Amino acid sequence: MTDTTSQSNLADKLLQRAAPGRAEFEDLVVVPIFAVIVALIVGALIMLATAVDIETIGRSYLALLQGSVGSMNAISETLTSAIPLVLAGLGLALGFRAGLFNIGAEGQIVVGGIAAVIVGFSFPNMPWIIHMPLALLAGAVAGGLYASIAGYLRAATGAHEVITTIMLNLSSYLLLSYMLGLEWMQRPGRSDPVSKSVLPSAELPRLLTDIDPNLRLHAGIFVMIAAVILVHWLLFKTRTGFEYRASGENPDAARYAGMHASAIIVFAMATAGALAGLAGANQVLGVLERATPGFSSGIGFDAISVALLGRSHPVGVLFAGLLFGALEAGGRQMQVDAGVSIDLISIIQALIIVFIAAPLLVRAIFPWGFKKPAGR
Amino acid sequence: MDVELRGITKRFGPVTANDNVNLTIRAGEVLGLLGENGAGKSTMMNILSGLYSPDEGEILIDGKRVDFEGPGDGIAAGIGMVHQHFMLVPVFTVAENVILGVEPTGMFDYLDLATARKQVRDINEKYGLQVNPDALIEDLPVGIQQRVEILKVLFRSAEVLILDEPTAVLTPQEVEDFFGIVKSLRDAGKAIVFITHKLHEILEISDRINVLRGGRITGEGDPKSMTENQLAEMMVGRPVSFDVDKGPFKPGETLLDVKNLMVLNENDETAVENVSFHVRSGEVVGIAGVQGNGQSELIEALTGLAHAAGGKIDFLGRDITNVSVRERHRMGMAHVPEDRHKSGMISNFTIYENMVLNTYYEDRFSSGPAIKWPDVLKTAAQYAVDFDVRTPSVYLKAGNLSGGNQQKMVVARELERETKLVIASQPTRGLDVGSIEYIHSRLMGARDEGDGVIIVSSELDEIMALSDRVLVMYDGKIVAEFDATAGPLDKNAIGLAMAGVTA
Ligand SMILES: Nc1ncnc2c1ncn2[C@@H]1O[C@H](COP(=O)(O)OP(=O)(O)OP(=O)(O)O)[C@@H](O)[C@H]1O
Ligand SMILES: [Mg+2]
């Protein structure tokens, strides 16, 4: 105890990081891979059961592969679909880390999209270097404010965020159809609910049109990458992230440590909403160029799966978002080539989540893929 | 039923928690298991109960080899474990908890609660457990909840009962009742493994003692002939001093001044009533009392976790009655919470994150919005060395530390900073004798450097050994005060005051 050199040697030893255990590797890599495989197999069985012949099943999976990574266009489509999923998924992941089961990404996407569209068509003559970031920012701010309603209600009254965010999702749809009928919002000369178009100066520019004008991949991918890095930094390198994670893991300990629970709840909700709002802004500024009813197309719900599949870790969310983007892009191809309904893709996505959530089941199906039964 | 462990080895990554352990457990006998924090006691018992599977070695029941695939197999073979952390459903009744998972059912899966209640009552009677089968768990004191855990394993017809530090959370009176139950179980022919860090307990109750060190069995003891000192030395490998080295008593100015404090508990009942006291620099004030007489609420109010419903708290000359936890912490208040799992640590965080759980915001560890993790890591490793937290790395999840090492981690975090007032609730809960010695010396060190220290403990011996002044709480009030500087404390008088007998 008194020998100082041996003490500092001991301290150095404690600083060594154990090599990531086999169990962690299995959890993070092997289980998800097997889950995807099992889901695809079960998907095939479902097709069989619905009297789809084997040849068509083969063709559909081939189309799935081709449509997601088989060509330049496929990859572009996969990435384009992944952008909003990753952004909204990051927001949800952040909330999950803070112990908030925010399922309101859908509503936050809608509200963020509306704000981005309004800014996007309202400022002619603005240089793009200001206009485009401003429109993105408007989306983030709107999404953030919208989500903090639920955060505030939770912190001030204890109203559970699952309930309030569901209500806010529904309200957002109504808000959208109301606003699309407003004179200053609706596209002139149209009677159906379509907003004015986003001005070119606010659009997220397409990146690959030089190669092929049909490639839709847009600059939102940089927003997505920046968001992954930013959220990773926020969660793991900052005081705020430490507070989020502590409150999520053990609220009593967070209180004991002097952290401010209600501020954390409101702030975490707002950040989550801002990311979802950005996702909405990306859709309208990069893909759709206007807002229509249902432009969010359930991305906010798929993002829940993405966040869960990604284990609420920014890098995990990135990969999960890419996977779901690929399934979506490939699913469209599958529908075209093999005539199999795109609903099958939803089934496969759902199955992946089921198998991820039940690692023991996956381990039981593939005993040879794992070293030992979980945690023993 | 006799059980034999042969050559059991269990590794967690680089740690060998059990190293070729042999152990025999016999029917009608209490086997005392003793060992330092992290020696591998809980791990070995988790293997015996089927929760972990050993890397090497075998388990024999009555000479026949058994292989457990999970805790279900352990209990099916008649081996039941009562964990230190109870696993009860608070909103269920005793009977419902007991039958959970093995519910007796009638036709159409009808839940036969009447039979269950009767069976619970029979077991109750047989071993003198005295638990009301219809009481809700959340209404029961810890000591009774523990009996429910015992009921659970008995209901599943366990012949071997493993009790992992059962007395750590009990009051002295509860311990006595608990020993009565253990004895009646033994006399009924059950085999019992009893883990504790309290040497007098192990001498009192066990028929045989095994000592574990560094994952190996290093000695056998005979409770009839051995003394606490011998046991302690066998355990830690050096003589242990049970006396606390205290510097001369030199109290300074008043640091903490509490006047007419009122605190309500979560049901809005008065938990602390009109309490006034002060703590001076260089002074240890012990708060004695049977658990549940307002001590917890008092500490919560002092540290800012609970609101004061009335009265006033002054700290360093400033009125802090309505000041936040963070601000009090900043002013130099340290707090070792009574229940480390509830609030003192985050099991899923690494050791280094836990080491800065409430100091991460300080300039030492943060600049701007960012935490300086390299500095945190270095400091955490140093704390771990100073407090002898046994771990291969500070990157380990705190939940994977042994119970006692978790406690050392929490105490290290609180004592290794600039403090003015140290508030320590059950500071040595779950610690081995060697570690208790060290923590006591650190608490005394804080006092001798001029800190005020408040100790709350259910161990009267601990309070008496450390305190310069002892306050006794009963029914939310301070009912007696004893001065240790005037002469030796009268344990009997304190005990009477704790029981509410006014002199
Ligand atoms: N799940 C785990 N993962 C990694 N290491 C573990 C795990 N469980 C226990 N250990 C390590 O194994 C060793 C033995 O731990 P164990 O809990 O058996 O000690 P113990 O004798 O019960 O100590 P205590 O008296 O403090 O409760 C410790 O070094 C501990 O850190
Ligand atoms: Mg233990």
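Residues numbered from 1 in each chain as written. Chains lettered and ligands numbered in written order. Predicted model: local features only at pLDDT ≥ 70, side-chain atom pairs only at ≥ 80, totals over all residues. Heavy atoms only, no water.

With respect to the overall build of chain A
Phase 1 of the analysis: Looking only at helices and strands, chain A features 15 helices and 0 strands.
Phase 2 of the analysis: Relative to the globule expectation of 21 Å for 376 residues, the C-alpha radius of gyration of chain A, 23 Å, shows essentially globular dimensions.
Phase 3 of the analysis: Counting over 376 residues, chain A shows a buried share of 50%.
Phase 4 of the analysis: Contacts spanning at least 24 positions in sequence make up 75% of the contacts within chain A whose residues lie at least 6 apart.
Phase 5 of the analysis: Summing over all exposed atoms, chain A offers an accessible surface of approximately 16,900 Å²; the carbon and sulfur share of this is 68%.
Phase 6 of the analysis: Here chain A contributes 22 positively and 23 negatively charged side chains, and the mean placements of these two sets differ by 7 Å. (Helix = DSSP H or I, 4+ residues; strand = E, 2+ residues; numbered from the N terminus. Rg over C-alpha atoms; globule rule 2.2 N^0.38 Å. Buried < 20%, exposed > 50% of the residue type's maximum accessible area, 1.4 Å probe, protein only. Contact = heavy atoms within 4.5 Å. Areas by Shrake-Rupley, 256 points an atom, 1.4 Å probe, with all protein chains shown as cover. Lys, Arg positive; Asp, Glu negative; His and termini not counted. Charge placed at Lys NZ, Arg CZ, Asp CG, Glu CD.)

Topic: the pairing of strand E6 (residues 79-82) of chain B
Residues and elements named next belong to chain B.
Phase 1 of the analysis: Neither face of E6 is exposed, since Ile79 and Met81 on one face and Gly80 and Val82 on the opposite face are all buried.
Phase 2 of the analysis: Sheet topology places E6 next to strand E7 (residues 160-164); 4 bridges connect them, and they run parallel. Following the sheet pairing, Met81 is matched in E7 by Ile162. (Pairing = 2+ DSSP bridges.)

Focus: the nonpolar core
Phase 1 of the analysis: Phe242(A), Leu285(A) and Met355(B) are the most contacted members of the largest nonpolar core, which has 152 residues in total.
Phase 2 of the analysis: The residues touching Met355(B), leaving out its near neighbours within four places in the chain, are Ala380(B), Tyr383(B), Ala384(B), Val389(B), Met409(B), Ala412(B) and Arg413(B).
Phase 3 of the analysis: Val120(B), Phe155(B), Phe179(B) and Ile181(B) belong to the second largest nonpolar core, which has 37 residues in total. (Core = buried A, V, L, I, M, F, W, Y, C linked by side-chain atoms within 4.5 Å.)

Some points on the site of ligand 1
Residue and element names in this part refer to chain B.
Phase 1 of the analysis: Around ligand 1, 19 residues are found, and the nearest of them are Lys41, Ser42, Thr43, Ser402 and Gly404.
Phase 2 of the analysis: Between ligand 1 and Glu165 there is a distance of 3.4 Å, counted from an oxygen atom to a side-chain nitrogen or oxygen.
Phase 3 of the analysis: Within the backbone of Asn400, a nitrogen or oxygen atom sits 3.2 Å from an oxygen atom of ligand 1.
Phase 4 of the analysis: Here ligand 1 loses 89% of its free accessible area of 640 Å² to cover by the protein chains.
Phase 5 of the analysis: In terms of residue count, helix H1 (residues 41-48) provides more of the shell around ligand 1 than any other element does, 3 residues in total.
Phase 6 of the analysis: Tallied by class, the residues present in the shell around ligand 1 amount to 6 nonpolar, 10 polar and 3 charged.
Phase 7 of the analysis: The two domains that each donate at least three residues to the shell around ligand 1 are domain 1 (3-236) and domain 2 (254-498). (Near = heavy atom within 4 Å. Polar contact = N/O pair within 3.5 Å; in protein donor to acceptor, adjacent residues only side chain to side chain. Nonpolar A, V, L, I, M, F, W, Y, C, P; charged D, E, K, R; others polar. Domains from an automatic or database assignment.)

Remarks on the interface of chain A and chain B
Phase 1 of the analysis: Listed as interface residues are 31 residues of chain A and, on the opposing side, 49 residues of chain B.
Phase 2 of the analysis: Interface area, chain A with chain B, both sides summed: about 3,400 Å², of which 58% is carbon and sulfur.
Phase 3 of the analysis: Summed over the shared surface of chain A and chain B, the result is 1 salt bridge.
Phase 4 of the analysis: On inspection of chain A and its partner chain B, the count reaches 17 residue pairs in polar contact (both at pLDDT 80 or more).
Phase 5 of the analysis: Among the elements of the structure, helix H1 (4-14), helix H8 (220-237), helix H9 (239-249) and helix H10 (251-256) of chain A are those that each provide at least two residues to the side of chain A that touches chain B.
Phase 6 of the analysis: For the side of chain A that touches chain B, the leading source of residues is H9(A), giving 6 residues.
Phase 7 of the analysis: Among the residues forming the side of chain A that touches chain B, the class breakdown is 14 nonpolar, 6 polar and 11 charged. (Buried area = accessible area lost by both parts, 1.4 Å probe. Salt bridge = Lys/Arg side-chain N within 4 Å of Asp/Glu carboxyl O.)

Observations regarding the environment of Tyr256(A)
Phase 1 of the analysis: Along the chain, Tyr256(A) falls in helix H10.
Phase 2 of the analysis: Beyond its immediate sequence surroundings of up to four residues, Tyr256(A) is in contact with Leu305(B), Val325(B), His335(B), Pro337(B), Ser343(B), Gly344(B), Asn358(B), Arg413(B) and Glu414(B).
Phase 3 of the analysis: A polar atom in the side chain of Tyr256(A) sits 2.7 Å from the backbone oxygen of His335(B).

Some remarks on the pairing of strand E20 (residues 452-456) of chain B
Every regular strand shows the same layout, with side chains that alternate between the two sheet faces.
Residues and elements named next belong to chain B.
Phase 1 of the analysis: With 5 of its 5 residues buried, E20 lies for the most part within the structure.
Phase 2 of the analysis: Here 5 bridges tie strand E13 (residues 283-288) to E20, and the two strands are oriented parallel to one another. Bridge pairing in E20 links Gly286 to Ile455.
Phase 3 of the analysis: Sheet analysis places strand E19 (residues 421-425) next to E20, joined by 5 bridges and oriented parallel. If you follow Val422 over to E20, its bridge partner there is Val453.
Phase 4 of the analysis: The β-α-β motif built from E19, the intervening helix H15 (residues 433-448) and the parallel element E20 has right-handed crossover chirality. (Right-handed = clockwise from strand over helix to strand, strands pointing away.)

So, the domain arrangement of chain B
One frequently used descriptor of interface size is the decrease in accessible area upon assembly of the parts.
Residues and elements named next belong to chain B.
Phase 1 of the analysis: Parsing chain B into structural domains produces domain 1 (3-236) and domain 2 (254-498).
Phase 2 of the analysis: For domain 1 versus domain 2, the distance between C-alpha centres works out to 31 Å.
Phase 3 of the analysis: Taken together, the 20 residues of domain 1 in the interface contact 19 residues of domain 2.
Phase 4 of the analysis: The contact between domain 1 and domain 2 buries some 1,400 Å² in all, and 54% of this surface belongs to carbon and sulfur atoms.
Phase 5 of the analysis: Our enumeration of links across domain 1 and domain 2 arrives at 2 salt bridges.
Phase 6 of the analysis: Across the pair Glu36 and Arg390 runs a salt bridge whose closest N-O atoms are separated by 3.1 Å.
Phase 7 of the analysis: On the surface where domain 1 and domain 2 come into contact, there are 7 residue pairs in polar contact (both at pLDDT 80 or more).
Phase 8 of the analysis: It is helix H8 (residues 228-236) that contributes the most residues to the side of domain 1 that touches domain 2, 3 residues altogether.
Phase 9 of the analysis: Taken together, the residues of the side of domain 1 that touches domain 2 break down into 10 nonpolar, 7 polar and 3 charged.

Notes on the pattern of salt bridges
Residue and element names in this part refer to chain B.
Phase 1 of the analysis: Under the counting rule described, the total for this entry stands at 44 salt bridges over all chains.
Phase 2 of the analysis: Taking the shortest distance from any N to any O, the salt bridge between Asp19 and Arg216 comes out at 3.1 Å. Of the two residues, Asp19 sits in strand E2 (residues 15-25) while Arg216 sits in strand E10 (residues 216-221), which places them 197 residues apart along the sequence.
Phase 3 of the analysis: A salt bridge links Glu414 to Arg413; the nearest nitrogen and oxygen atoms lie 2.9 Å apart.

Regarding the packing of aromatic side chains
Phase 1 of the analysis: One pass over the structure, following the stated rule, counts 12 aromatic pairs over all chains.
Phase 2 of the analysis: Measuring from ring centre to ring centre gives 4.9 Å for Phe96(A) and Phe101(A), while their planes differ by 15°; the resulting arrangement is stacked.
Phase 3 of the analysis: Note on Phe387(B) and Tyr438(B): the rings are 5.2 Å apart at their centroids and 80° apart in plane angle, and the pair reads as edge-to-face. One end of the pair, Phe387(B), is in the loop between helix H13 (373-386) and helix H14 (403-415); the other, Tyr438(B), is in helix H15, with 51 residues separating them in the sequence. (Phe/Tyr/Trp six-rings, centres within 6.5 Å; stacked < 30°, edge-to-face > 60°.)

Some remarks on H13(B)
Residues and elements named next belong to chain B.
Phase 1 of the analysis: Taking 1.5 Å per residue as the helical rise, H13 with its 14 residues ought to reach 20 Å, and the 20 Å between its terminal C-alpha atoms agrees with that figure.
Phase 2 of the analysis: When you tally the buried positions in H13, you get 10 out of 14 residues, the bulk of the element.
Phase 3 of the analysis: Looking at H13, one finds that the buried residues are Trp373, Val376, Leu377, Thr379, Ala380, Ala381, Tyr383, Ala384, Val385 and Asp386.
Phase 4 of the analysis: One or two residues past the end of H13 sits Asp388, with phi positive at roughly 55°. (Expected span 1.5 Å × (residues − 1).)

Quick notes on the sheet that holds strand E1 (residues 3-12) of chain B
All names here are of chain B.
Phase 1 of the analysis: Pairing within the open sheet is antiparallel, and its 4 strands lie in the order E2-E1-E4-E5. Because the sheet does not close on itself, it has two edges, and the strands there are E2 and strand E5 (64-66). Pairwise comparison of adjacent strand axes, ignoring direction, gives a mean angle of 30° for this sheet.
Phase 2 of the analysis: Examined bridge by bridge, E1 and E2 share 7 bridges and lie antiparallel to one another. Paired with Ile8 across the two strands is Val21, which belongs to E2.
Phase 3 of the analysis: H1 contacts E1, E2 and strand E4 (56-61) of the sheet and is inclined by roughly 60° relative to E2. (Axes fitted to C-alpha atoms, helices over the stretch in contact; angles between N-to-C directions.)

Re a nonpolar patch on the surface
Residue and element names in this part refer to chain A.
Phase 1 of the analysis: On the surface, Phe25, Leu28, Val29, Ile33, Ile37, Ile41, Leu45, Leu48 and Ile54 cluster together into a nonpolar patch covering about 840 Å² of accessible area.
Phase 2 of the analysis: Ranked by the residues each element gives to the nonpolar patch, the list is headed by helix H2 (residues 22-49), at 8 residues.
Phase 3 of the analysis: Note on placement: Ile41 falls in helix H2. (Patch = residues over 30% accessible without salt bridge, like charges linked within 9 Å, V, L, I, M, F, W, Y side chains within 5 Å.)

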